Amino acid sequence: MRAKLSATLLALTLMLLAGCGFQLRGAYALPYESLYLAMPDYSEIGAALKRAIRASGGTRIADSAADAQATLAPTADAREKVILSLSGTGRVRELRLRYRYAYRVIDSQGRDLVPAGEIQLNRDLSYDDSNVLAKEQEEEQIYRDLQADVVQRLLRRLAAVKGV
């Protein structure tokens, strides 16, 4: 009796999830046959974008802008630290880490396929002078997380483009 009730509750939960439109985020289908990433080879965002685009399987990464239907070109990539609060003795207590990534998508003739856009992400971080090395490592980890978020947002924005 108990197993039957558990199975019924599980089936009901799955039907409710399916009925509300819930769906796990899958691979993004980009509207381009080929895409050139105008980024240096050492770019962490470029490498992550290449991995994600290859995983989606629908878009080929071109070796040059002339071979591509579209070119994704970064126009700004900046990290900033802003002091949010100070202690009574004038020491930093909180920081805001800001990551700004601007980009544009153009075709082979240089026309904008996607209006120039910018992604700006912020994270707050408590700071302690007695744990400088740990806070520096935490800061780097936060910047890596922000870069991963930028890649996901870029893919969502590129996938949302209609009529290329």
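See the structure above.
Given the structure is predicted, the values throughout are model-derived calculations rather than measurements.

## A short note on the side chain of Asp107
For step 1, the next point in the chain: Tracing the sequence through the fold places Asp107 in the loop between strand E4 (92-106) and strand E5 (112-126).
For step 2, the next point in the chain: Its relative accessible area of 9% is what places Asp107 among the buried residues.
For step 3, the next point in the chain: Separated by 2.8 Å, the side chain of Asp107 and the backbone nitrogen of Arg111 make a polar contact.
For step 4, the next point in the chain: Discounting chain neighbours no more than four positions away, the residues touching Asp107 are Gln69, Ala70 and Leu113.

## Here's the deal with the pattern of salt bridges
For step 1, the next point in the chain: If you walk through the whole model with that rule in mind, you get 10 salt bridges.
For step 2, the next point in the chain: Between Arg98 and Glu80 there is a salt bridge whose closest N-O contact spans 3.4 Å. In this pair, Arg98 sits in strand E4 while Glu80 sits in strand E3 (residues 70-86), placing the two residues 18 residues apart along the sequence.
For step 3, the next point in the chain: Across the pair Asp149 and Arg123 runs a salt bridge, and its minimum N-O distance is 2.6 Å. Here Arg123 lies in strand E5 and Asp149 lies in helix H3 (residues 132-159), a separation of 26 residues in the sequence.

## Here we look at the sheet that holds E4
Sheet strands pair via backbone hydrogen bonds, and the direction of the pair is either parallel or antiparallel.
For step 1, the next point in the chain: Taken together, the 5 strands give an open sheet; going across it, the order is E2-E1-E3-E4-E5, and neighbouring strands pair in mixed fashion. In the strand order of this sheet, the two ends are held by strand E2 (60-61) and E5, each with one partner.
For step 2, the next point in the chain: Bridge count between E4 and E5: 12 bridges; the pairing is antiparallel. Note on E5: the bridge partner recorded for Ala102 is Glu118.

## Remarks on the environment of Tyr36
For step 1, the next point in the chain: Inspection of the secondary structure assignment puts Tyr36 in strand E1 (residues 34-37).
For step 2, the next point in the chain: Classification of Tyr36 as partly exposed rests on a relative accessible area of 23%.
For step 3, the next point in the chain: Sequence separation between Tyr36 and Asp107 is 71 residues; the distance between their C-alpha atoms is 9.8 Å.
For step 4, the next point in the chain: Leave out the neighbours within four places in its chain, and Tyr36 touches Ala62, Asp63, Ser64, Ala65, Ala68, Ala70, Thr71 and Leu72.

Definitions and limits used
- Every chain's residues receive numbers from 1 upward, in the order its sequence appears when written.
- The model is predicted, so local features are restricted to residues of pLDDT at least 70 and side-chain atom pairs to those at 80 or more, both for listing and for counting; the totals for chains, interfaces and linings are taken over all residues.
- The side-chain numbers reported here are obtained from all heavy atoms of the structure, hydrogens and water having been left aside.
- Segments assigned H or I by DSSP are reported as helices when at least four residues long, segments assigned E as strands when at least two residues long, and all are numbered from the N terminus.
- Buried, partly exposed and exposed residues are distinguished by accessible area as a fraction of the type maximum, computed with a 1.4 Å probe on protein chains only: under 20%, between the cut-offs, and over 50%, respectively.
- Pairs of N or O atoms are called polar contacts if they sit within 3.5 Å, as long as, within protein, a hydrogen donor faces a hydrogen acceptor (for residues adjacent in sequence, only side-chain-to-side-chain pairs).
- Residue contacts follow a heavy-atom distance rule, with two residues in contact if any of their heavy atoms lie within 4.5 Å.
- The salt bridge criterion pairs a side-chain nitrogen of Lys or Arg with a carboxyl oxygen of Asp or Glu, the two atoms within 4 Å.
- Between any two strands, at least two bridges found by DSSP are needed for them to pair.

Note that all results are geometric; they support no functional claim without further evidence.
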